[in-house]
Amino acid sequence: MPDPKTLERAEQDKRDGKSPSTQAGEFVREEIHHVREGKHGARSPQQAIAIGLSKARRAGIEVKPPPRGKTSESTRRKAERDYERGHGEGTSRRTSARRSAATSQALEREPQQSASRRSLSAQAHSAASRRSASERSAAGRQASRTKGRAGRSAAAKKAARTRSRRRS
């Protein structure tokens, strides 16, 4: 069950007119925090992200399941089930206590290192490299449109700091 604050932040994002993936980002953020504080682990940053997306779908966020061919069939089916569950279509049966405990125990055995700054940075870098230059450029333009004046100013200052650090 997601934290009430996470749900509130996602609802605020929706009110602000932000995209479903941005709303789902709140759930991913919560998962990263869980791994970092030792609540459970994750085998990779991708697993932590997948858990967050699953929670978002179950909470009713409009994150569509991946299309055929993008991921494995089992992953796609799981995403479809989560989506239906969050949109009132799927069954509302509770997960058996045994299965729930097994999942928790398996995650507790996984390392916490997968949510480190370094591993998340590597994941972001590899995800960006799979996109074309025009896609990355379009994403940047979209971000600047939805950021607002103060947000753009803060982002520009941060970019300038990053550039100056790279030069020295």
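Look up: the structure comes first, before these words.
Residues numbered from 1 in each chain as written. Predicted model: local features only at pLDDT ≥ 70, side-chain atom pairs only at ≥ 80, totals over all residues. Heavy atoms only, no water.

Draft legend 1. Geometry of a positive patch on the surface. Among the surface-exposed residues, Lys 18, Arg 36, Arg 117, Lys 147, Lys 157, Lys 158, Arg 161, Arg 165 and Arg 166 lie close enough to one another that they form a single positively charged patch. Ranked by residue count, the leading element in the positive patch is helix H8 (residues 149–167), at five residues. (Patch = residues over 30% accessible without salt bridge, like charges linked within 9 Å, V, L, I, M, F, W, Y side chains within 5 Å. Areas by Shrake-Rupley, 256 points an atom, 1.4 Å probe, with all protein chains shown as cover. Salt bridge = Lys/Arg side-chain N within 4 Å of Asp/Glu carboxyl O. Lys, Arg positive; Asp, Glu negative; His and termini not counted. Charge placed at Lys NZ, Arg CZ, Asp CG, Glu CD. Helix = DSSP H or I, 4+ residues; strand = E, 2+ residues; numbered from the N terminus.)

Draft legend 2. Representation of the packing of helix H2 (residues 20–36) against helix H3 (residues 45–58) in the model. Two numbers describe how H2 lies on H3: the axes approach to 8 Å, and their chain directions differ by 130°. In this view, H2 runs oblique relative to H3, as classed from their interaxial angle. Crossing angle aside, the handedness with which H2 passes H3 is right-handed. Contacts between H2 and H3 pair Ala 24, Phe 27, Val 28, Glu 30, Glu 31, Ile 32 and His 34 from the former with Ala 48, Ile 49, Ile 51, Gly 52, Leu 53, Lys 55 and Ala 56 from the latter. Here the residues of the contact of H2 with H3 are counted per class, giving nine nonpolar, two polar and three charged. (Axes fitted to C-alpha atoms, helices over the stretch in contact; angles between N-to-C directions. Parallel < 35°, antiparallel > 145°, perpendicular 65-115°, else oblique. Left-handed = near helix turned anticlockwise from the far one by under 90°. Contact = heavy atoms within 4.5 Å. Nonpolar A, V, L, I, M, F, W, Y, C, P; charged D, E, K, R; others polar.)

Draft legend 3. A look at helix H4 (residues 73–86). Across its 14 residues, H4 extends 20 Å between first and last C-alpha, which sits within 8% of the 20 Å expected from 1.5 Å per residue. Turning to H4, its buried residues number three or more, namely Arg 76, Ala 79, Asp 82 and Tyr 83. The buried residues of H4 occupy an angular sector of 125° when the element is viewed end-on, so they sit on one face. Gly 88 sits one or two residues past H4 and shows a positive phi near 70°. (Expected span 1.5 Å × (residues − 1). Buried < 20%, exposed > 50% of the residue type's maximum accessible area, 1.4 Å probe, protein only. Arc of directions from axis to C-beta.)

Draft legend 4. A look at the layout of surface pockets. A volume near 190 Å³ is recorded for the second largest pocket. Lining the second largest pocket are Gly 17, Lys 18, Ser 19, Thr 22, Gln 142, Ala 143, Thr 146 and Lys 147. With four residues, helix H7 (residues 133–147) is the single largest residue contributor to the lining of the second largest pocket. A breakdown of the residues in the lining of the second largest pocket according to their chemical character gives one nonpolar, five polar and two charged. (1 Å grid on protein atoms, 1.4 Å probe; cavity = no way out; pocket = protein on both sides within 12 Å on 5 of 7 lines; lining within 4 Å. Points joined across faces, edges and corners; volume = space filled by probe spheres on them.)

Draft legend 5. Quick peek at the pattern of salt bridges. Enumeration over the complete set of coordinates arrives at ten salt bridges. For Glu 31, the salt bridge identified is with Lys 55, shortest N-O distance 2.7 Å. Of the two residues, Glu 31 is situated in helix H2 and Lys 55 in helix H3; the sequence distance between them amounts to 24 residues. Residue Glu 31 shares its accessibility class with Lys 55, and that shared class is buried. Asp 82 is the salt-bridge partner of Arg 58, the closest N and O atoms lying 2.8 Å from each other. Here the residue Arg 58 occupies a position in helix H3, and Asp 82 occupies one in helix H4, the gap between them amounting to 24 residues. Assessed through its relative accessible area of 37%, Arg 58 is described here as partly exposed. Residues joined by salt bridges that share partners form a network here, namely Arg 9, Glu 26 and Arg 29.

This is a description of form; function is not addressed.
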